[in-house]
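The chain contents come next:
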Amino acid sequence: MKATTKNQAQTERFQPFNIVVFGGDGDLSIRKILPALFHRDLDGQLNIPYNVVAITRKTPDIKGFQEKLIPFLEVSDHHKYSRAEIDKFLQKVHLIQAENSNTADYKDLSAFLNQFADYQNIYYYSTPSSAFGPITQTLKACGLVTATSKVVLEKPLGHSLASSDAINAEITQAFDEHQIYRIDHYLGKETVQNLMVLRFANNLFERAWNAENIESVQITVAESLGVEKRASYYDQSGALLDMVQNHLLQLLCLVAMEPPVLLEADEVRNEKLKVLKALRPLNKKTILKDTVKGQYTRGKSNGVQVNSYLEDIEKYDSKTETFVAIKTYVDNWRWKGVPFLLRTGKRMIKRYSEIVINFREVKHNIFPSKEKLNNNKLIIRLQPEERIELIQMTKIPGPGGYRYKPIALKLDYNDSFKERFPEAYERLIIDVIRGNQTLFMRQDELQAAWAWIESVTSSWKAANMPNVLYEAGTWGPGDDILNDDETWITKTWRE
Ligand code: BG6
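From a predicted model like this one, the values you see are computed outputs, not experimental measurements.

**So, the overall build of the chain**
Counting its regular elements, the chain contains 16 helices and 19 strands. Over its C-alpha atoms the chain spans a radius of gyration of 24 Å, differing by no more than 12% from the 23 Å that the globule rule assigns to 495 residues. Expressed as a percentage of the 495 residues in the chain, the buried residues total 55%. Counting only contacts in the chain whose residues sit at least 6 apart along the sequence, the fraction spanning at least 24 positions is 76%.

**Digging into the packing of aromatic side chains**
How two aromatic rings sit relative to each other is given by the distance of their centres and the angle of their planes. Under the counting rule described, the total for this entry stands at 19 aromatic pairs. With centroids separated by 5.2 Å and ring planes inclined at 80 degrees, the aromatic side chains of Trp335 and Phe340 adopt a geometry described as edge-to-face. The residues Trp335 and Phe340 share a single accessibility class, namely buried. One aromatic cluster is present, formed by Tyr234, Tyr296, Tyr309, Phe323 and Tyr470 through successive ring pairs. Residue placement shows Lys189 over the ring face of Tyr186; its charged tip is 4.5 Å from the ring centre. Seen from the ring of Trp460, Lys293 lies directly overhead, with NZ or CZ sitting 5.3 Å from the centre.

**Quick word on helix H1 (residues 27–42)**
Over its 16 residues, H1 extends 22 Å from the first C-alpha to the last, a length consistent with the 22 Å expected when each residue adds 1.5 Å. Where H1 bends most, the angle comes to about 30 degrees, and this point is Pro35. Taken as a whole, H1 has its buried residues at Ser29, Ile30, Ile33, Leu34, Pro35, Ala36, Leu37, Phe38, His39, Arg40 and Asp41. A positive backbone phi angle near 85 degrees is found at Gly44, which sits one or two residues after H1.

Quick notes on the rules
- Residues numbered from 1 in each chain as written.
- Predicted model: local features only at pLDDT ≥ 70, side-chain atom pairs only at ≥ 80, totals over all residues.
- Heavy atoms only, no water.
- Helix = DSSP H or I, 4+ residues; strand = E, 2+ residues; numbered from the N terminus.
- Rg over C-alpha atoms; globule rule 2.2 N^0.38 Å.
- Buried < 20%, exposed > 50% of the residue type's maximum accessible area, 1.4 Å probe, protein only.
- Contact = heavy atoms within 4.5 Å.
- Phe/Tyr/Trp six-rings, centres within 6.5 Å; stacked < 30°, edge-to-face > 60°.
- Lys NZ or Arg CZ within 6 Å of the ring centre and 35° of its normal.
- Expected span 1.5 Å × (residues − 1).
- Bend = angle between axes of the 7 residues up to and from the residue.

Quick look at the structure:
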């Protein structure tokens, strides 16, 4: 495959641009993409001419669209923005109708973009991936793709390796790999980026970052929300494709990868690719003991009675999982024998995401009491708060014998950095404008991720893997319904 030869990140300057959002009146665009642009503009980063074009398939109703959008611009991060600030931004936002695969329908879009012939065009596909091919062909047929155009692809990219490859083949008929930005918003989160600094700017951690010193790695993304209004999408994906295939695997890559030679897009992506290739596939022997899939039943979420998954999606025979836990290994020298535990679920007790690096116990306990010396842990909390904790054994003050207990050394992002934290999408959209692909997935990475995911889906199918039911508003499948061997799944959850 053609790899980018250099990362233009540091060199590409802000240039005037049009950002055209397909699915522009959809949820993601209104909640995340357009507010992200608004915030970057307010921060003075978009101090260049630009236009935002939201594409709708319906008859455009700019007033109704603005009414939907304004609440998401008005209040964010507990700060209320003024009407004047909002109106200034809204002047740059246009609503244009276009059907995905209808060249005649793109005439309004063409006419609009042709007024700004020297701007770079960024096409943001915030639609189901089945529309990516038709949109690309139509843009190409209308002459709207040039050497400076870029395309941003929202996940999920297909539902299998073959479908993802097929979508990619359609996109690469118009765009080169260096023009393609496969977005994973987890990579835009501050704490996730800090992982790189933590690992590669601190000698202390990197020295201990291996199987000799680390016993296990846990990556947990728990959500208290259910499937909300995305029943039909979610029921076809489930937790494995919705969260593990992208977000959790990307987190795993950042934890497990070797130091790249430079912080450049292809250097980083080459290292992530090696991790994905080293991930041990699941098979019919390991699938039953090394994975759990679950589905939520009725329960209480934040004190409110909520429906079961089946009631939420109004389809009573669905086997889709809303919880998944997987034990896997990165089969290379650095990580030999270290389990990586991945867990994610909807309708869990709370929104709670973190990476825990569990260090091994000290080799020999010199203290007379022989009380257990808890392992050191490095906890990287992604949400709700952004924080790093290093759990270390500490002497309990007082005379007499040595008594000790684990105490956390904490770095709370909010205490250390008072400024507002940009949302993940803000960082990523700016990277697209500036041509920095470091935080975006390359096609070969995506293929390797799909290949591993397919080892799970095919083994689940072969084993006819059942769902374990769990009550909404809990930590998910409990010890009572798991075999002894499987208690790793719940034992290591932290409150
Ligand atoms: C999305 C998934 O990619 O990530 C959603 O499709 C999920 O199902 C969301 O809720 C979680 O993102 P965050 O940033 O709220 O953790």
